[in-house]
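Listed below are the residues making up each chain.
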Amino acid sequence: METRAHHLLVGSFVIIVVLGLLGFVIWLAKIDIDREFAQYTIYFEGSVSGLSTASTVLYNGIRVGSVTAIELDPDDPGRVEVTIEVAATTPIRAGTVATLELQGITGVSLVALSGGSRDSAELAARPGERHPVIDSVPSQFQRIFAGAPQLISTAIQLIEQATKLFSDQNLASLAAILGDAQVLSRELAASSGALGSIIDSIEQTSTGIR
């Protein structure tokens, strides 16, 4: 009985040591990961169609990380909370902004980071934030899509105005004006000889007066 208890005690001790070593290794690995990568939060207004976890994150066109999570903002359902993980050496500072960009013509989106001067302070998390928050700005494509309804409305108005301009009545008036201009042109051509005689007479008179 004592031998069994002794073996049980030794086995328990070995298990505890192994678990402790395993926890220590995981802790060291986590420290290394934290040193190599940094996480940030970005809030995008409206749709983030085409963006998914593992989507690319670029800084000035260079790949520096990826998207790790996409969620609706619990405080504002109109915003989308995107978490990214980038290399810790990425110079993300106050003034750095994020935009959604299309990757080629595939419809896949990526997160593009830019801005932030060398003299700016490194971006840090504020009280109550899990990660530092990078401000987002609309991309050129988003601006175009946002203004599309107004552009369409303006185009429709121009088409309506053009339709009124080329109505049957206006076309008839334009045809009459062109006809009158043609008649006047013929009359001027026919009287060009008389006009030449008048001009010659005026020149002769001017010469006599001088």
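An account of the accompanying structure is given in this report.

Concerning the side chain of Asp 73
Working step 1: Of note, Asp 73 is situated in strand S3 (residues 62–73).
Working step 2: Judged by its relative accessible area of 4%, Asp 73 falls in the buried class.
Working step 3: Filtering out sequence-adjacent residues up to four positions away, Asp 73 remains in contact with Tyr 43, Arg 79, Val 80 and Glu 81.

Description of the pairing of strand S2 (residues 56–59)
Working step 1: Residue alternation in S2 divides its side chains into two sets, Thr 56 and Leu 58 and Val 57 and Tyr 59, and both sets are buried.
Working step 2: Bridge count between S2 and S3: four bridges; the pairing is antiparallel. When the sheet's bridge partners are listed, Val 57 is paired in S3 with Gly 65.
Working step 3: Linking S2 back to S3 in an antiparallel pair, the connection comprises two residues, with Asn 60 at a positive phi of about 50°.
Working step 4: One ladder, built from three bridges, connects S2 with strand S6 (residues 108–114); its direction is parallel. Opposite Leu 58, over in S6, you have Ala 112 as the bridge partner.

Brief notes about the side chain of Ser 109
Working step 1: The topology assignment puts Ser 109 in strand S6.
Working step 2: For Ser 109, a relative accessible area of 4% gives the class buried.
Working step 3: At 3.0 Å, the side chain of Ser 109 forms a polar contact with the backbone oxygen of Ser 49.
Working step 4: If sequence neighbours within four positions are ignored, Ser 109 has contacts with Ser 49, Gly 50, Leu 51, Ser 55, Glu 101 and Leu 102.

Conventions used here
Residues numbered from 1 in each chain as written. Predicted model: local features only at pLDDT ≥ 70, side-chain atom pairs only at ≥ 80, totals over all residues. Heavy atoms only, no water. Helix = DSSP H or I, 4+ residues; strand = E, 2+ residues; numbered from the N terminus. Buried < 20%, exposed > 50% of the residue type's maximum accessible area, 1.4 Å probe, protein only. Contact = heavy atoms within 4.5 Å. Pairing = 2+ DSSP bridges. Polar contact = N/O pair within 3.5 Å; in protein donor to acceptor, adjacent residues only side chain to side chain.

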